[in-house]
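Letter by letter, the chains look like this.
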Amino acid sequence: MIFIQVLVETLRNFAYLIGDEKTKLAAVVDPAGAVDRILRLAEDRGLKIIYIINTHSHSDHIAGSQELASATGAKIAMHKKARVTKHLVVEDGGVISVGELKIKVIYTPGHSPDGISLLVEDKLLTGDTLFVGECGRTDLPGGSSEELYDSLFGKLVKLDDELEVYPGHDYGDKPYSKLGYEKKHNCTLKPRSKDEFVRFMAED
Ligand SMILES: [Fe+2]
């Protein structure tokens with residue numbers, strides 16, 4: 001698998017280019033406005049971008065999606081709750097095939113109602129649901145600490161500790177982490193009841 005994390009300095013967003021070595025087909029996750037850089041990276045590696053998968057519809061993440069779709073013919077894939085233009089609707093448990101790569105969709109609302117995380121091989125892309133050392137905020141329109149609790153504790157922490165966590169922003173002390181490490185050291189993943197978590201999220 002070709003897996004490239006692209007830092008976009010403006011809001012410290014991460015875009016991702018994920019390619020299948022064999023078929024040279026690729027997906028972009030959250031272009032974050034870095035259209036030219038992504039096109040150059042894909043061209044350098046001989047990759048054809050067939051999907052743009054957005055982890056949620058906040059403007060910093062989806063920036064450049066339409067432009068990239070027009071430039072490549074790629075389809076924009078998002079959760080059904082996303083109220084923006086999309087060509088492919090994805091749901092929890094769905095799989096997006098990119099050549100021989102299988103990208104699994106995990107519905108993780110809470111930061112936003114249309115939030116998804118993506119699992120591909122040993123990598124977990126968490127959008128704004130989980131960051132290195134932090135979790136997504138829930139005080140924006142459509143946010144819900146209750147839903148974020150279910151996404152984090154009901155879904156993500158149950159996955160394999162060895163998975164590498166690739167977030168939607170560079171907010172931590174390193175650009176990616178291991179899920180097992182985050183479970184031990186990320187204060188937002190400290191075991192809490194749902195009520196405790198909702199109170200914790202309201203504190204800061
Ligand atoms: Fe966001």
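Just above sits the structure.
This write-up is about the structure you can find in this document. Please read these numbers as outputs of a predicted model, since none were measured by experiment. (Residues numbered from 1 in each chain as written. Predicted model: local features only at pLDDT ≥ 70, side-chain atom pairs only at ≥ 80, totals over all residues. Heavy atoms only, no water.)

### Here's the deal with the nonpolar core
No. 1: The biggest cluster of nonpolar side chains holds 24 residues, and the ones touching the most others in it are Leu17, Ile38, Ile49 and Leu68.
No. 2: Elements with a contribution of two residues or more to this core: strand 1 (2–8), strand 2 (13–19), strand 3 (25–29), helix 1 (35–44), strand 4 (48–53), helix 3 (65–72) and strand 5 (75–79).
No. 3: The contacts of leucine 68, once residues within four sequence positions are left out, are Val28, Pro31, Val35, Ile38, Leu39, Ile49, Ile52 and Gly73.
No. 4: Ala77, Val90, Val120 and Tyr166 belong to the second largest nonpolar core, which has 21 residues in total. (Core = buried A, V, L, I, M, F, W, Y, C linked by side-chain atoms within 4.5 Å. Buried < 20%, exposed > 50% of the residue type's maximum accessible area, 1.4 Å probe, protein only. Helix = DSSP H or I, 4+ residues; strand = E, 2+ residues; numbered from the N terminus. Contact = heavy atoms within 4.5 Å.)

### Topic: the coordination of the iron ion
No. 1: Taken together, the protein donors to the iron ion comprise His56 (NE2), His58 (ND1), His111 (NE2) and Asp128 (OD), at separations of 2.2 to 2.3 Å.
No. 2: Taken together, the 4 donor atoms coordinating the iron ion span angles of 85 to 176 degrees at the metal, a pattern that classifies the geometry as irregular.
No. 3: Look at where the donors of the iron ion fall in the sequence and you get H-x1-H-x52-H-x16-D. Of the two residues, histidine 56 sits in the loop between strand 4 and helix 2 (59–62) while aspartate 128 sits in the loop between strand 10 (123–127) and strand 11 (130–131), which places them 72 residues apart along the sequence. (Donors = N, O, S within 2.8 Å, 3.2 Å for Na, K, Ca; no water. Tetrahedral: all angles 85-135°; square planar, octahedral: opposite > 155°, others 65-115°.)

### A few points about the packing of helix 1 against helix 3
No. 1: Where helix 1 contacts helix 3, the two axes come as close as 10 Å, and the packing angle between them is 35 degrees. Note that helix 1 runs across helix 3; the crossing there is right-handed. Here helix 1 contributes Val35, Ile38 and Leu39 to the contact with helix 3, which in turn contributes Glu67, Leu68, Ala71 and Thr72.
No. 2: Classifying every residue of the contact of helix 1 with helix 3 by side-chain character gives 5 nonpolar, 1 polar and 1 charged. (Axes fitted to C-alpha atoms, helices over the stretch in contact; angles between N-to-C directions. Left-handed = near helix turned anticlockwise from the far one by under 90°. Nonpolar A, V, L, I, M, F, W, Y, C, P; charged D, E, K, R; others polar.)

### Considerations on the packing of aromatic side chains
The way to describe two aromatic rings as a pair is by their centre distance and the angle between their planes.
No. 1: Counted under the stated rule, the structure contains 10 aromatic pairs.
No. 2: Here tyrosine 16 and tyrosine 166 contribute two aromatic rings whose centre-to-centre distance is 5.9 Å and whose plane-to-plane angle is 85 degrees, an arrangement assigned as edge-to-face. With tyrosine 16 in strand 2 and tyrosine 166 in strand 13 (residues 164–167), this residue pair connects regions lying 150 residues apart in the sequence. In terms of burial, tyrosine 16 and tyrosine 166 fall into one category: buried.
No. 3: Seen from their ring centres, tyrosine 149 and phenylalanine 197 are 5.6 Å apart, and the 55 degrees between their planes marks the pair as tilted. (Phe/Tyr/Trp six-rings, centres within 6.5 Å; stacked < 30°, edge-to-face > 60°.)

All quantities given are derived from atomic positions and should not be read as evidence of function.
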